[in-house]
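Below are the chains, spelled out letter by letter.
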Amino acid sequence: MTDQKKVNVAVVGATGAVGNQMIACLEERNFPVGTLRLLASSRSAGKRLGYRGEMLPVEELRADAFEGMHIALFSAGGRVSARFAPQAAERGCVVVDNSSAWRMDPEVPLVVPEVNAHAIAGYTKRGIIANPNCSTIQMVVALNPIYRRYGIRRIVVATYQAVSGTGKRAIEELSGQTRAVLDGAGAACSVYPHPIAFNCLPHIDVFLDNGYTKEEMKMVNETRKILEDDTLAVSATTVRVPVFYGHSEAVNVETRRHAIAAEVRELLRQAPGVKVVDDPAANRYPLATDAQGQDLTLVGRIRQDESIADGINLWVVADNIRKGAATNTVQIAEVLTEKYL
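Residues numbered from 1 in each chain as written. Predicted model: local features only at pLDDT ≥ 70, side-chain atom pairs only at ≥ 80, totals over all residues. Heavy atoms only, no water.

## Side note on unusual backbone geometry
Okay, so step 1: Non-glycine residue Asp205 carries a positive phi angle of around 75 degrees.
Okay, so step 2: Mapped onto the elements of the fold, Asp205 is located in the loop between helix H5 (168-182) and helix H6 (214-227).
Okay, so step 3: Its identity is not glycine, yet Asn283 carries a phi of approximately 60 degrees, on the positive side.
Okay, so step 4: As for its placement among the helices and strands, Asn283 is situated in the loop between strand E11 (274-276) and helix H8 (288-291). (Helix = DSSP H or I, 4+ residues; strand = E, 2+ residues; numbered from the N terminus.)

## Focus on the sheet that holds E11
By way of backbone hydrogen bonds, the strands of a sheet pair with one another, either parallel or antiparallel.
Okay, so step 1: Across the sheet, six strands lie side by side as E9-E8-E10-E13-E12-E11; this open sheet has mixed pairing. What marks the edges here is a single partner per strand, and that holds for strand E9 (233-240) and E11. If you compare each strand with its neighbour and ignore which way they point, the axes differ by 20 degrees on average.
Okay, so step 2: Sitting on the sheet, helix H7 (residues 261-269) is in contact with E11, strand E12 (297-304) and strand E13 (311-318), with an inclination near 165 degrees to E12. (Pairing = 2+ DSSP bridges. Axes fitted to C-alpha atoms, helices over the stretch in contact; angles between N-to-C directions. Contact = heavy atoms within 4.5 Å.)

## Section: the packing of aromatic side chains
Okay, so step 1: By the definition in use, this model includes three aromatic pairs.
Okay, so step 2: Ring centres 5.4 Å apart and planes at 50 degrees place the aromatic pair Tyr160 and Trp315 in the tilted group. Taken together, the positions of Tyr160 in strand E8 (residues 152-161) and Trp315 in strand E13 put the pair 155 residues apart, joining distant regions of the chain.
Okay, so step 3: Judged by its relative accessible area of 33%, Tyr160 falls in the partly exposed class. (Phe/Tyr/Trp six-rings, centres within 6.5 Å; stacked < 30°, edge-to-face > 60°. Buried < 20%, exposed > 50% of the residue type's maximum accessible area, 1.4 Å probe, protein only.)

## Describing the environment of Ala130
Okay, so step 1: Inspection of the secondary structure assignment puts Ala130 in strand E7 (residues 128-130).
Okay, so step 2: Considered as a pair, Ala130 and Val111 are 19 residues apart in the sequence and their alpha carbons are 6.5 Å apart.
Okay, so step 3: In contact with Ala130, other than residues within four places in its own chain, are Asp97, Trp102, Arg103, Val108, Pro109, Leu110, Val111 and Ile332.

Structure below.
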């Protein structure tokens, strides 16, 4: 990225967990920010957040706040994005949106840069680029090399998702419930319908008429869109677990051409954005604690599925706040700046 090209950036939802991480990623990755504008609700206006040694004020989110901005990184929820993303685009500001509001819009690119960076070119239709669901991002980063080399007929995935994917209140609920249970008290629930401490909830987002949750169907539909393959069969079960940060996934793929586990392992070692951690004899495999603070997707437990002729099993782990949200958003902005602005 050239030092000469300066980009004015707005971060919407700057005071949230993902917004905070977006600001950190811009600094860590040396994004060529000219002016950085931090936007949030009226309740947060006036707060100050650190960036490159300065404390910048948080401004109230209004349509006119996008005047003079080149890129806006949104992480403030679907309703906010549905309302304000078009208003930002009307002012010539390209939106990279982290909510689900625009992901399945046929005129909005849904992008994971290691997988389909070419799709960013389609941003001109609406002035908006969508960031996929966190669990989808890490899965397609791991599966894309396999898909390109062998083809994939079917994916079956079970996720083990950290509470930080729900937000700060969920982190506080897990912490509070854990202390309460250890102290012999009851675990009060406000974020989730059941206690999350010492528990697993096979329920993320709302249930749909087909019996799947909205989170599960996001993985189905987003994977097909990103890989540009509507024939791809995907079955997902998403589970919330008592982990603060880091999503884990058990992924089974049926390939179109025979794949050998050892070859898949070497293929993934060369894949962008992937780190292979796969030495079971030494008890080395991806852990949620290992993924924290990393932007790489960790892959291990790579082995043949002995129940079918052409199957591979993987264990996939990533930091859901970084690669699953903030980092992927900033990576999209980097490609956008380098190639299109």
